[in-house]
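Survey of secondary and tertiary structure
Below are the chains, spelled out letter by letter.
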Amino acid sequence: MKIERSEVQRFLGSLRHEVDKVFESVFTGWRRSEGEEPVEPAADVIETDDTVIIRIQVPGMAKEQLELEMTPEALTLKGELKDETAEKAKQYHRQEIRYGPVRRTIRFPLPVESDKAAATLKDGLLQVTVPKSHQAQAKPVKIAVA
């Protein structure tokens, strides 16, 4: 069976596309997905003495574009970054900025008081601060071994 040159080129083209997607996801901080799949922004989860702080990168997004849902177990961020200039531009020479739906769910590492959460957005960084529940703030007690 003879393999045609065009078949090899098609295979290598699709392979390169898949490898490019892997490298984009590793180096950009955003997971790029085809179609309607939302982008998953990078996040930090930090525990202090009395709070849990979640920081999520949302560059280019205004607070009106973000929706936060919180349960005692997790925080979910939803939103959409729209390209307002796409219709005006005639020709892109490079397009690397990610537009489209954004979604990220982050589970809390310990019990929190979700009804007392506060959120701020500054310079593309969303910060959600949630107090630990009294149960989680309990100090460890040393127990003597008899």
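Residues numbered from 1 in each chain as written. Predicted model: local features only at pLDDT ≥ 70, side-chain atom pairs only at ≥ 80, totals over all residues. Heavy atoms only, no water.

1. Quick look at the environment of D44
Put simply, the test is: In this text, helices come from DSSP runs of H or I with a minimum length of four residues, and strands from runs of E with a minimum of two, each type numbered from the N-terminal end. By definition, residues are in contact when any of their heavy atoms lie within 4.5 Å.
With respect to the helices and strands, D44 occurs in strand 1 (residues 43-47). C-alpha separation for the pair D44 and I54, spaced 10 residues apart in sequence, amounts to 5.7 Å. In this view, D44 contacts I53, I54 and R55; residues no more than four positions away in its chain are not counted.

2. Regarding the environment of D83
Within the secondary structure layout, D83 lies in the loop between strand 4 (74-81) and strand 5 (100-107). Residues D83 and I97 lie 14 residues apart in sequence; the distance between their C-alpha atoms is 9.0 Å. Those residues in contact with D83 that lie beyond four places of it in its chain are Y92, Q95 and Y99.

3. Some remarks on the sheet that holds strand 7 (residues 125-131)
Selection rule: Strand pairing is assigned whenever DSSP detects at least two bridges linking the two strands. In this description, a line fitted to the C-alpha atoms serves as the axis of each element, helices being fitted only across the stretch in contact, and the angle between N-to-C directions of two axes falls anywhere from 0 to 180 degrees.
If you trace the four strands from one edge of the open sheet to the other, you get 1-2-7-6, paired in antiparallel fashion. The open sheet terminates on both sides in strands that have one partner only, identified here as strand 1 and strand 6 (118-122). Sheet twist, expressed as the average angle between the axes of neighbouring strands with direction ignored, equals 15 degrees. Looking at chain direction, strand 2 (residues 51-57) and strand 7 are connected through seven bridges and run antiparallel.

4. Describing the confidence of the model for the protein
Quick reminder of the rule: Scored between 0 and 100, pLDDT is the confidence that the predictor attaches to each residue.
Looking at the protein as a whole, the pLDDT averages 80, with 68% of positions reaching at least 70. The element-level mean pLDDT for the protein is lowest in helix 1 (residues 5-28), coming to 65, with strand 2 highest at 96. In the predicted structure, residues 29-34 sits below a pLDDT of 50 and forms 22 contacts with residues beyond four places in sequence or in another chain.

5. So, the nonpolar core
What counts, and what does not: Side-chain atoms within 4.5 Å are what join buried Ala, Val, Leu, Ile, Met, Phe, Trp, Tyr and Cys residues into a set we call a nonpolar core. Relative accessibility thresholds used throughout: buried, under 20% of the residue-type maximum; exposed, over 50%; partly exposed, between the two (1.4 Å probe, protein chains only).
Grouped together as the largest cluster of nonpolar side chains are 17 residues, with contacts concentrated most on I54, I56, V58, L77, F108 and L126. Contact partners of I56, with chain neighbours within four places excluded, come to P41, A42, A43, L75, L77, I106, G124, L125 and L126.

6. Structural notes on the pairing of strand 2
Both faces of the sheet carry side chains from a regular strand, because those side chains alternate between them. The buried count for strand 2 comes to five of seven residues, which makes it a mostly enclosed element. Sheet topology places strand 1 next to strand 2; five bridges connect them, and they run antiparallel. Across the sheet, the residue bridging to E47 is V52, located in strand 2. The turn linking strand 1 back onto strand 2 is made up of three residues.

7. Quick notes on the sheet that holds strand 3 (residues 66-70)
If you trace the three strands from one edge of the open sheet to the other, you get 3-4-5, paired in antiparallel fashion. Of all the strands in the sheet, just strand 3 and strand 5 have a single pairing partner and so form its edges. Between one strand and the next, the sheet's axes are offset by a mean angle of 10 degrees, whatever the strand orientation. With eight bridges joining them, strand 4 and strand 5 adopt antiparallel strand pairing.

8. Considering the pattern of salt bridges
Here is the rule we go by: By definition here, a salt bridge exists when the distance from a side-chain nitrogen of Lys or Arg to a carboxyl oxygen of Asp or Glu is within 4 Å.
A full pass over the atoms with the stated rule returns four salt bridges. Put simply, K132 and E47 hold a salt bridge, and the shortest N to O gap is 2.7 Å. Of this pair, K132 sits in the loop between strand 7 and helix 2 (134-137) while E47 sits in strand 1, and the two are 85 residues apart along the sequence. When its relative accessible area of 5% is taken as the criterion, K132 is described as buried. Residue E47 is classed as partly exposed on the basis of its relative accessible area of 48%. The residue E69 makes a salt bridge to K78 at a minimum N-O spacing of 3.2 Å. Given the relative accessible area of 36%, E69 is considered partly exposed.

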